[in-house]
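Summary of structural features
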Amino acid sequence: MTTILVTGGAGFIGANFVRFLLANRPDCRVINADVLTYSGNLENLTSIESDPRYRFVKADICDAAAMEPLVEEADAVVHMAAESHVDRSILDSEPFIRTNVLGTQVMLDVVRKAPGKPRRFLYVSTDEVYGSLPLEDKSLLFTEETPITANSPYAASKASGDLLVGAYHHTFGMDTVTTRCSNNFGPYQFPEKVIPLFVANLIEGKKVPLYGDGLNVRDWLHVDDHCEAILTVLEKGTAGEVYNVGGNNERSNIELTHSILGLMGFGEEMIEPVKDRLGHDRRYAIDATKIARELGWHPTRSAWPGALAETVRWYQDNTEWWQRVRTGAYRDYYEQQYGRAASA
Ligand code: NAD
Ligand code: TDX
């Protein structure tokens, strides 16, 4: 049996990854360490919670004493616990620095100092560490050599963690690998991110708040393709290397919005143009040839419009899930971000 410690396994990608691992690696045990912030939800894991190979531990990655015994039990660590929403980092960056920078440093030191055999440390980074590409030249893509140019407090905090991982490999010879992935979509994504937010708003008869001119571009990848890429890099990646992960699936936000409206039978009148995100990155687009060439990974579940339609349907079929997470503290955030009228 191999034991994998996953941090942040109760979030969107984490919960999908824990399920993916248990389904695809019968000889794997999973420890899920998650402090359960607003976006961590054990309901995302009910289908596997009684699997004897799975264990949940409520713990903060910034708490070294809590992490030490979990790391000692593990053969490898997949570190994805994070504050993950750009707009929240613009409202208040403090939790982002604490979890994404300090928390990553704590995890690196705990893994580095753990007794016994060296353990592989996989850091789930993001394409946002590369900054922004222009809309005008579609031939430009982010490669692993693109300089780090983080533009939002979220991106800067993830880039800091990313640089620390590289430094720990260089300085201490730690067995680290890093994935930098584009925008994910799929089930169990917290309804503050654009796709579940728009679907949930439409179901509730509310308009969808489209930022700025709607021309910003994102490269969309199904979360299960990301999970497969993480597992591939964990098992086959070269120590010290970074691997880009992307869907080769660029869409402008206005195109995405029209697709969602069309799939749900709504028209343009449901679009509410709102003020732009501060410092809004124009375009993300990933060159994922390295992971394809060296490790044989290709996205197989991200093709549009089918994969988007399936995701929209999941939120339509699981209204109770997002209605429950949309209560309480989330309502306060929504009012702060979009104004009181929008949340009425
Ligand atoms: P999410 O917000 O849905 O989940 C984050 C999880 O981390 C939650 O379960 C939360 O409770 C947990 N967490 C937060 N702070 C913690 C702490 N101090 N200690 C322990 N647990 C803590 O985020 P997500 O979208 O699933 O993103 C997961 C990872 O993937 C993040 O590192 C993010 O930067 C990265 N990423 C996300 C995307 C995307 O499109 N969502 C794309 C590329 C990379
Ligand atoms: O209400 C909205 N209106 C809108 O137009 C929201 C929430 C978003 N948008 C736009 C902003 C972006 O151009 O949609 C695009 C996608 O926004 P988000 O879903 O917030 O994702 P993004 O900012 O691109 O970041 C995501 O991908 C990279 C994840 O949240 C990050 O965790 C990941 O690192």
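Computed from a prediction, not measured in an experiment: that's the story for all the values here.

Peptide bonds are mostly trans, and most non-glycine residues show a negative phi. With an omega dihedral of 5 degrees, the bond running from Trp 304 to Pro 305 counts as a cis peptide bond. Inspection of the secondary structure assignment puts Pro 305 in the loop between helix H9 (289-295) and helix H10 (306-317). Backbone geometry at Leu 36 places phi at a positive 60 degrees, although glycine is not the residue there. Mapping Leu 36 onto the fold places it in the loop between strand E2 (28-34) and strand E3 (54-58).

Here we take up the packing of helix H6 (residues 194-203) against helix H8 (residues 253-264). A packed helix pair is summarised by two numbers, namely the angle formed by the two axes and the spacing between the axes. Direction vectors running N to C along H6 and H8 enclose 40 degrees, while the axes themselves pass 11 Å from each other. Considering the angle they form, H6 stands oblique to H8. The element H6 and its partner H8 pack so that their crossing is right-handed. Facing Val 194, Ile 195, Phe 198, Val 199, Leu 202 and Ile 203 of H6, the residues of H8 in contact are Leu 256, Thr 257, Ile 260, Leu 261 and Met 264. Looking at the contact of H6 with H8 residue by residue, the class counts come to 10 nonpolar, 1 polar and no charged.

Our next topic: the environment of Ser 125. Of note, Ser 125 is situated in strand E5 (residues 120-126). Residue contacts for Ser 125: discarding those within four places in its chain leaves Lys 158, Asp 162, Thr 178, Thr 179, Arg 180 and Cys 181. Reaching out from Ser 125, the side chain makes a polar contact with the side chain of Asp 162 at a distance of 2.7 Å.

Pairing is parallel across the open sheet formed by 7 strands, whose spatial order is E3-E2-E1-E4-E5-E6-E10. Of all the strands in the sheet, just E3 and strand E10 (242-245) have a single pairing partner and so form its edges. Ignoring strand direction, the axes of neighbouring strands in this sheet form an average angle of 20 degrees. Of the strand pairs in this sheet, strand E4 (residues 76-79) and E5 are connected by 4 bridges, and their pairing is parallel. Considered in E5, the bridge of Val 77 is made with Phe 121. Packed on one face of the sheet, helix H2 (residues 64-73) meets strand E1 (2-7), E2, E3 and E4 and runs near 170 degrees to E2.

Calculation notes
- Residues numbered from 1 in each chain as written.
- Chains lettered and ligands numbered in written order.
- Predicted model: local features only at pLDDT ≥ 70, side-chain atom pairs only at ≥ 80, totals over all residues.
- Heavy atoms only, no water.
- Helix = DSSP H or I, 4+ residues; strand = E, 2+ residues; numbered from the N terminus.
- Axes fitted to C-alpha atoms, helices over the stretch in contact; angles between N-to-C directions.
- Parallel < 35°, antiparallel > 145°, perpendicular 65-115°, else oblique.
- Left-handed = near helix turned anticlockwise from the far one by under 90°.
- Contact = heavy atoms within 4.5 Å.
- Nonpolar A, V, L, I, M, F, W, Y, C, P; charged D, E, K, R; others polar.
- Polar contact = N/O pair within 3.5 Å; in protein donor to acceptor, adjacent residues only side chain to side chain.
- Pairing = 2+ DSSP bridges.

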